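Survey of secondary and tertiary structure
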Amino acid sequence: MRITRREWLGGVAAAGLLRAKPLGLPIGCQTYPVRADIAKDLPGTLEQLRSAGFETIELCSPHSYGEFKPLAKMSGGELKKTIEAAGLKCESCHYNSRELKENLDDRIAYAKELGLKQMVLASFGLPATAKLADWSRSAEEFTDRGEDPQGGAGGRISQSQQ
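Being a predicted model, the structure only gives us computed values, none of them experimental.

To continue, consider the sheet that holds strand β1 (residues 28-30). Strand order in this open sheet of 4 strands is β1-β2-β3-β4, and the pairing throughout is parallel. Single-partner strands in this sheet number two, and they are β1 and β4 (118-123). Within the sheet, the average angular offset between the axes of one strand and its neighbour, ignoring direction, is 25 degrees. Here strand β3 (residues 89-96) runs beside β4; their pairing, made up of 5 bridges, is parallel. In the strand pairing of β4, Ser 92 is matched with Gln 118.

This model, assessed by the stated rule, comprises 6 salt bridges. Close ionic contact of Arg 98 with Glu 102 constitutes a salt bridge, the shortest N to O distance being 3.0 Å. On the criterion of helical spacing, the pair formed by Arg 98 and Glu 102 is a turn pair, its members being 4 residues apart in helix α5 (residues 97-114). Salt-bridge contacts for Glu 99 lead to Arg 107; the nearest nitrogen and oxygen are separated by 2.5 Å.

To continue, consider the packing of α5 against helix α6 (residues 132-147). Remark: α5 packs on α6, axes separated minimally by 12 Å, with the N-to-C direction vectors making an angle of 35 degrees. With respect to the hand of their crossing, α5 and α6 are arranged in left-handed fashion. In contact with Ser 97, Leu 100, Lys 101 and Leu 104 of α5, α6 contributes Glu 141, Phe 142 and Arg 145. Of the residues that constitute the contact of α5 with α6, the class distribution is 3 nonpolar, 1 polar and 3 charged.

What counts as what
Position numbers for residues start from 1 in each chain and track the written sequence from start to end. pLDDT decides what is reported in this predicted model: residues at 70 or higher carry local features, side-chain atom pairs at 80 or more are listed and counted, and totals for whole chains, interfaces and linings draw on all residues regardless. Side-chain measures here rest on the full set of heavy atoms in the structure, leaving out hydrogens and waters. A pair of strands is considered paired only if DSSP assigns at least 2 bridges between the two. Comment: elements are numbered from the N terminus, with helices defined as DSSP H or I runs of at least four residues and strands as E runs of at least two. Comment: axis = line fitted to C-alpha atoms, over the contacting stretch for helices; angle = value between 0 and 180 degrees taken between N-to-C directions. For this document, the term salt bridge refers to a Lys or Arg side-chain nitrogen within 4 Å of an Asp or Glu carboxyl oxygen. Here a crossing is taken to be left-handed if its near helix is turned anticlockwise relative to the far helix by less than a right angle, and right-handed if that turn runs clockwise. The contact definition used throughout considers only heavy atoms, calling two residues in contact when any of these lie within 4.5 Å. When residue character is reported, Ala, Val, Leu, Ile, Met, Phe, Trp, Tyr, Cys and Pro are called nonpolar, Asp, Glu, Lys and Arg charged, and the others, Gly included, polar.

Dropping the structure here:
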């Protein structure tokens, strides 16, 4: 038996499974599994997620994830309004390493418009053959950029959380 995402979301909503809040925290989801639906009908997909009991979503960056490219035409503020109109909040978004290395200041500005509390590095973008030293060097580079105002981000990351 094959079930579509829409059928699954409808079944979850009907069963009330997401309304329990066992930890007292808002129930959220990553939007990658419904990426095709988001590209076709953003407001409708967001409303389905809300009706299934989700309260928050985590996006993939519209600027670097192909399936989310249609959303890149919207400003962060416009996207925030669309998400909120569906009764949802978006407080985090995935970014790839290349995007953050090449466009950090622009992505921070976009994240502020969108109202994000977290910018998630989804992948370091290292090859499968990378050694521990490569991972350490890459982690250090991102740490330095996050702490050093001259490195492209600095204190501006923490300011967006105030």
